[in-house]
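Coordinate inspection notes
Each chain is listed here by its residues.
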Amino acid sequence: MAVTLEQARRVGYTCLKALLRFAFMVANNLVAIPSYVLYLIMLQPLRMLDSKSFWYIEGVLFKWLLAMVASWGWWAGYTVVEWGDDVKAVSEDEAMVLVNHQATGDVCTLMMCLQDKGTVVRQMMWLMDHIFKYTNFGIVSLIHGDFFIRQGRTHRDQQLVLLKDHLEKYYRSRNRKWIVLFPEGGFLRKRRETSQAFAKKNNLPFLKHVTLPRLGATQVILKTLVAPQENGTPAGGDAVIKESQAKGLQWVIDTTIAYPKGEPIDIQTWILGYRQPTVTHVHYRIFPVKDVPAEPEALTNWLYQRFIEKEDLLTHFYETGAFPPPKGQTKAISREMTLSNLWLVGIQSLAFLSGGMWYCIFQYLYHCLF
C-alpha cells in the first residue's frame, strides 16, 4: 500500500520529535545527575555535623530528579487519573506500597503520580531489580539508599537477609516514610505463564492481568518495620483517622496500575514520546497494618487475596474503562493528577544552571592547576 504524503509527514514529525526528546533527555541526565552527586559531595561536612539536615536536602534533590523523569512523560501527554482511597491522608505516616508490575513505565508512572503527595517522594525507599544499579539513575538510587534485589532461587535467602540489614541500617536513620515494592518479582509478560502453572498445580485462581506475588520481601519489611504495638486505624476514602504519636509502619497501600487496552508504557516510550497521549489509571486501597497477618501462611493468603482483587479491578477496567466503585457505593470517583508546568520548567532550569556552574568551576580549577 502506497504511503501518502500526509502519512510520511506524520512519520517524519514523530521521528524528529523522538530524536529531539532523546537529545533533551541525554542533556538532562548529563547535567542533573552529576550535579546531584557533586552537591552531596560538597555537603559531606554537614552530613557529619547534622545528618538529619543532610538527608533532608538530599531528599529534596531526589524529588527534583524524579520530577524531571515525570516531566518527560507529562510533556508527551502521558497523564494519570487516580481512583480509590486518597493516599495524601497517610503521606506523613510510614507505609508499604504494593504495586503490580507490567513494564518499565510503571516506575515512571509512580514517579509522576506521587509528586503531589507531600513529602512522600523525598522520603521514600524503592526496592528494584539489581540491574537498575547499572543504569544512568543507579548512582542516584545507590546514594539515596534504595535496595537492589537479585531475583532467582539461588539468591533468594541471601537477598532477604541483606534486605533486613539494609532496612535496619538506612530506613529510620534517613527518615524514610514509604517503601515501594513490586511483589510479583518481575514483569507480567515474563512471569504470567509460570504463575499460571503454579496456580494450577496448587489449586489457586487463574490470573491473566497480574501474577501471584512472592512473600519474601513483604514479610521481611513487615517484620522489620512494624512496631510491636501497632495503633493504625482503618482507612477509607477521605476519612482517615490517625494517631498523632504513631510509630513504625502504619499502613499497606495496595496500588493497581492500569493502562488503556492493557497496553503498558515502557521507558522508551516515556523518553521518546512516540505514542499518542495516554491516560494511565492508578487505584489505591489503604489497609491498616494491624489488620495484616504476621504468620507466613496467613500473610501469604492475605497477599494472594490482594492480587486476586487486583485481577478483578483490572478485568473491570479493561471491560468498562473505569475502576469499580468501593463496596457499599454506587459510583467510583476519579481524581485527575496534575503537575505545574511552571514548576517543572523551574526544576529543569535549575538543573541546567547547576550543570553550567559545575562546568565553570571545573574549568577554573583546571586552569589554576595546569
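Note that the coordinates shown come from a computational prediction; the quantities given were computed from them, not determined experimentally. (Residues numbered from 1 in each chain as written. Predicted model: local features only at pLDDT ≥ 70, side-chain atom pairs only at ≥ 80, totals over all residues. Heavy atoms only, no water.)

**Here we look at the pattern of salt bridges**
Note that side chains of opposite charge can pair when their charged atoms are close. Selection criterion: Here, a salt bridge means any side-chain nitrogen of Lys or Arg that lies within 4 Å of a carboxyl oxygen of Asp or Glu. A run of H or I in DSSP becomes a helix once it reaches four residues, and a run of E becomes a strand once it reaches two; helices and strands are each numbered from the N terminus. Burial here depends on accessible area, computed with a 1.4 Å probe over protein chains only, as a share of the maximum for the residue type. Under 20% is buried, over 50% is exposed, and the range in between is partly exposed.
Scanning all chains against the criterion turns up 10 salt bridges. We note a salt bridge from lysine 164 to glutamate 168, for which the minimum N-O separation is 2.5 Å. Residue lysine 164 and its partner glutamate 168 are located together in helix α6 (residues 153-171), separated by four residues, close to a single helical turn. Here lysine 164 falls in the partly exposed class, since its relative accessible area comes to 38%. For the salt bridge of glutamate 309 with arginine 285, the shortest nitrogen-to-oxygen distance reads 2.8 Å. Here arginine 285 lies in strand β9 (residues 278-288) and glutamate 309 lies in helix α10 (residues 296-320), a separation of 24 residues in the sequence. Residue glutamate 309 is classed as partly exposed on the basis of its relative accessible area of 21%.

**Topic: the sheet that holds strand β10 (residues 334-337)**
Where we set the bar: Paired strands, in this sense, are two strands between which DSSP finds at least two bridges. Lines fitted to C-alpha atoms define the axes here, with helix axes fitted over just the stretch in contact, and angles between the N-to-C directions of these axes take values from 0 to 180 degrees. Throughout, a contact is declared for two residues whenever any of their heavy atoms are within 4.5 Å.
Taken together, the eight strands give an open sheet; going across it, the order is β4-β3-β5-β2-β8-β9-β1-β10, and neighbouring strands pair in mixed fashion. Strands with a single pairing partner mark the edges of an open sheet, and in this sheet they are β4 (147-149) and β10. With strand direction ignored, the average angle separating the axes of adjacent strands in the sheet is 25 degrees. The pairing of strand β2 (residues 94-99) with strand β5 (residues 178-181) spans four bridges and is parallel. Counterpart to alanine 95 in the pairing with β5 is tryptophan 178. Lying on the sheet, helix α4 (residues 105-113) is in contact with β1 (78-84), β2, β3 (124-129), β5, β8 (249-258), β9 and β10; it crosses β1 at an angle near 75 degrees.

**Quick look at the UniProt feature "domain: Phospholipid/glycerol acyltransferase" (unreviewed entry) in the protein**
Where we set the bar: UniProt positions are given in the numbering used here, feature names are shortened, and annotations may be inferred rather than shown by experiment.
Within this numbering scheme, the UniProt entry marks residues 95-219 as carrying the feature "domain: Phospholipid/glycerol acyltransferase" (unreviewed entry). What you have in residues 95-219 is 42% helix and 14% strand, and the ends, taken at the C-alpha atoms, are 14 Å apart.

**Thoughts on the packing of helix α3 (residues 51-74) against helix α11 (residues 341-369)**
Applicable threshold: In what follows, roughly perpendicular refers to angles from 65 to 115 degrees, roughly parallel to angles under 35, roughly antiparallel to angles over 145, and oblique to any angle outside these ranges. Here is the rule for handedness: rotate from the far helix to the near one, and if that takes an anticlockwise turn smaller than a right angle the crossing is left-handed, while a clockwise turn gives right-handed.
Where α3 meets α11, the axes come as close as 10 Å, and the angle between the chain directions of the two elements is 120 degrees. The angle between α3 and α11 places the two elements in the oblique class. The element α3 and its partner α11 pack so that their crossing is left-handed. When α3 is examined against α11, the residues Lys63, Trp64, Ala67, Met68, Ser71, Trp72 and Trp74 are found in contact with a partner set consisting of Asn341, Trp343, Leu344, Ile347, Gln348, Leu350 and Ala351.

**Some points on the nonpolar core**
What counts is decided by this rule: Among buried residues, those of type Ala, Val, Leu, Ile, Met, Phe, Trp, Tyr and Cys that are joined through side-chain atoms within 4.5 Å constitute a nonpolar core.
Counting residues in hydrophobic clusters, the biggest one holds 59 residues, and the most contacted among them are Trp126, Trp178 and Ile253. No other element matches the 12 residues that α3 contributes to this core. By size, the runner-up hydrophobic cluster in this structure holds 26 residues, among which are Ile179, Leu222, Leu225 and Val289.

**Examining the pairing of β9**
In the case of a regular strand, side chains alternate between the two sheet surfaces. Of all 11 residues making up β9, nine are buried, and the element is well covered by its neighbours. Across seven bridges, β1 lies against β9 in parallel orientation. From the neighbouring strand, threonine 79 faces β9, where its bridge partner is valine 279.

**Thoughts on the state of the cysteines**
Selection criterion: When two cysteine sulfur atoms are found within 2.5 Å, that pair is recorded as a disulfide.
With the rule as written, the count across this model stands at zero disulfides. You can see cysteine 113 has no disulfide; the closest cysteine sulfur is in cysteine 108, sitting 11 Å from it. Cysteine 113 gets classed as buried once you look at its relative accessible area, which sits at 0%. Distance from the sulfur of cysteine 368, which forms no disulfide, to the nearest cysteine sulfur (cysteine 360) is 13 Å.

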